[in-house]
Amino acid sequence: GEQVEQLPSILRVQEGSSASINCTYENSASNYFPWYKQEPGENPKLIIDIRSNMERKQTQGLIVLLDKKAKRFSLHITDTQPGDSAMYFCAASYGSSGNKLIFGIGTLLSVKP
Amino acid sequence: GPKVLQIPSHQIIDMGQMVTLNCDPVSNHLYFYWYKQILGQQMEFLVNFYNGKVMEKSKLFKDQFSVERPDGSYFTLKIQPTALEDSAVYFCASSLKGQGWEQYFGPGTRLTVL
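A brief structural summary.

### Thoughts on the overall build of chain A
On a plain count of helices and strands, chain A comes out with zero helices and 11 strands. The helix and strand sequence of chain A, counted from the amino end, reads β-β-β-β-β-β-β-β-β-β-β. Taking 13 Å as the expected radius of gyration for a compact globule of 113 residues, we find that chain A reaches 14 Å, a close match to that expectation. With the C-alpha coordinates of chain A rotated into their principal frame, the extents come out at 45 × 30 × 20 Å. Per-residue burial over chain A gives 47% buried out of 113 residues. The long-range fraction of contacts in chain A, counting pairs at least 24 apart against all pairs at least 6 apart in sequence, stands at 53%. Accessible area of chain A: about 5,400 Å², with a carbon and sulfur share of 48%. Distance between charge centres in chain A, computed from 12 positive and 11 negative side chains, equals 4 Å.

This is the structure:
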């Protein structure tokens, strides 16, 4: 299959707390997992990604974890700020070309001051 | 970061007409993509393109759709004829290499078919 499941669909947190979004994929051949942030009316912006040769990656308050056995990956935003409020999409690479991205349904993150 | 440009930003046309969406990918990128996003939903893969050829296309890439990039000019998505269900935002993306490389998205073209 080519589904990417993403949970939760809505996430409300208090400023300064952490936020976690979880995704699962179906094809064990998937080897690239990007995360995109999309604000209303804007294009999706790549914020962090991880490849299948890694289990953990961290950059600027973002942590991604990858569990290949469970076909699960997650995004953790530490010390959330109101500017982090947006839609977040996970994706997994699929297809014979290996660069077809299948996106999750998205998580609407709302950070309250 | 790398910039992908798309022209026009909005397009309103009558059902049955032809429309061409234009994408100016990042200058040294070699792989190009089109994704479709219906309001409130996720991006859905339409097609990827490399070295003048379609590599892979999804079920959403109907027979009425075609892509090309003549001689390094715009990477285009043409829909002929358009249908009501083609109304969506179409995002172009590009990447330097294929599998496992970052895809950068343009600002999108909002297509409304009446």
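Now, onward.
### Focus: the pairing of strand S9 (residues 88-95) of chain B
All names here are of chain B. Among the eight residues of S9, eight are classified as buried, and the element is accordingly described as predominantly covered. Covered by surrounding structure in S9 are Ala 88, Tyr 90, Cys 92 and Ser 94 together with Val 89, Phe 91, Ala 93 and Ser 95, the residues of both alternating faces. Inspection of the sheet shows strand S4 (residues 31-37) paired to S9 by seven bridges, in the antiparallel sense. The partner of Gln 37 across the bridge, within S9, is Val 89. Across three bridges, the pairing between S9 and strand S11 (residues 109-113) is antiparallel. Within S11, the residue paired with Val 89 across the bridge is Arg 110. Relative to strand S10 (residues 104-105), S9 is paired through two bridges, and the arrangement is antiparallel. Paired with Ala 93 across the two strands is Phe 105, which belongs to S10.

### A few points about the side chain of Asn22(B)
Looking at where Asn22(B) falls in the secondary structure, it is placed in strand S3 (residues 19-24). Apart from residues no more than four positions distant in its own chain, Asn22(B) is found in contact with Leu5(B), Gln6(B), Ile7(B), Trp34(B), Tyr74(B), Phe75(B) and Thr76(B).

### What about the sheet that holds strand S1 (residues 4-7) of chain A?
Residue and element names in this part refer to chain A. Spatial strand order, S1-S3-S8-S7-S6: five strands in an open sheet with antiparallel pairing. Each edge of the open sheet carries a strand with a single partner, namely S1 and strand S6 (56-59). Here the strands of the sheet are splayed against their neighbours by 15° on average, with no regard to which way each runs.

### A closer look at the packing of aromatic side chains
Across all of its chains, the model carries 18 aromatic pairs over all chains by this definition. Between the aromatic rings of Tyr33(B) and Tyr35(B), the centroid separation amounts to 6.4 Å while the plane-to-plane angle is 35°, which identifies the pairing as tilted. Overall, the relative accessible area of 0% leaves Tyr33(B) in the buried class. Owing to a relative accessible area of 0%, Tyr35(B) belongs among the buried residues under this scheme. An angle of 75° between the planes, with centres 5.8 Å apart, marks the rings of Tyr35(B) and Phe45(B) as edge-to-face. Pair noted here: Tyr35(B) is in strand S4 and Phe45(B) is in strand S5 (residues 43-50), with a separation of 10 residues, a long-range link. Look at Phe45(B) and you get buried, because its relative accessible area is 4%. Members of the aromatic cluster, each reached through a chain of ring pairs, are Tyr36(A), Phe89(A), Phe103(A), Tyr33(B), Tyr35(B), Phe45(B), Phe91(B) and Phe105(B).

### Focus: the interface of chain B and chain A
Opposite the 22 residues of chain B that make contact, chain A presents 22 residues. Roughly 1,900 Å² is buried in total at the junction of chain B and chain A, and carbon and sulfur atoms are behind 52% of that figure. Across the contact surface, chain B and chain A share two salt bridges. Between Lys100(A) and Glu56(B) there is a salt bridge; the shortest N-O distance is 3.5 Å. There are seven residue pairs in polar contact (both at pLDDT 80 or more) connecting chain B and chain A. Elements represented by at least two residues in the side of chain B that touches chain A include exactly S4, S5, strand S6 (53-57) and S10 of chain B.

### Considering the environment of Asp67(A)
Positionally, Asp67(A) belongs in strand S7 (residues 62-67). Taking the C-alpha atoms as reference, Asp67(A) lies 8.9 Å from Ser52(A); in sequence the two are 15 residues apart.

### Observations concerning the sheet that holds strand S1 (residues 5-7) of chain B
All names here are of chain B. As summarised here, the arrangement of the four strands in space is S1-S3-S8-S7, forming an open sheet in which the pairing is antiparallel. Lying at the two open borders of the sheet, with one neighbouring strand each, are S1 and strand S7 (65-68). Going across the sheet, the axis of each strand differs from the next one's by a mean of 20°, ignoring polarity. Bridge count for S3 against strand S8 (residues 75-79) is five bridges, and the pairing is antiparallel. Paired with Val 19 across the strands is Ile 79, a residue of S8.

Conventions we followed
In this convention, every chain numbers its residues from 1, walking through the sequence in written order. Here every chain gets a letter starting at A, and every ligand a number starting at 1, in the order they are written. Residue-level local features of this predicted model are given only where pLDDT is at least 70; pairs of side-chain atoms are given and counted only at 80 or more, and the full residue set underlies all totals for whole chains, interfaces and linings. Note: side-chain values were computed over all heavy atoms of the structure, leaving out hydrogens and water. For helices the rule is a DSSP run of H or I covering at least 4 residues; for strands it is a run of E covering at least 2, with both sets numbered from the N terminus onward. Each radius of gyration is computed over the set of C-alpha atoms, and the globule rule expresses the reference value as 2.2 Å times the number of residues to the power 0.38. Relative accessibility decides the category of a residue: with a 1.4 Å probe and only protein chains considered, values under 20% of the type maximum give buried, values over 50% give exposed, and everything between is partly exposed. Note on contacts: a residue pair qualifies if any of its non-hydrogen atoms lie within 4.5 Å across the two residues. In this description, accessible areas are obtained by the Shrake-Rupley approach with a 1.4 Å probe, and a residue is regarded as covered only by the protein chains that are shown. Positive residues here are Lys and Arg, negative ones are Asp and Glu, while His and the chain termini are left out of the count. To locate a charge, take atom NZ for lysine, CZ for arginine, CG for aspartate or CD for glutamate. Only strands that DSSP links by at least two bridges are regarded as paired with each other. Here an axis means a line fitted to C-alpha atoms, over the contact stretch when the element is a helix, while the angle between two N-to-C directions is reported on a 0 to 180 degree scale. Any two of the Phe, Tyr and Trp rings considered here, Trp counted by its six-membered ring, make a pair once their centres fall within 6.5 Å; the pair's planes then place it as stacked at under 30 degrees, edge-to-face at over 60, or tilted in between. Simply put, the buried area is the total loss of 1.4 Å probe accessible area from both parts when two parts are fitted together. For salt bridges, the criterion is a side-chain nitrogen of Lys or Arg within 4 Å of an Asp or Glu carboxyl oxygen. Polar contacts here mean pairs of N or O atoms no more than 3.5 Å apart (in protein, one a potential hydrogen donor and the other a potential acceptor; neighbouring residues in sequence count only if both atoms are side-chain atoms).

That is the geometry; function is a separate question.
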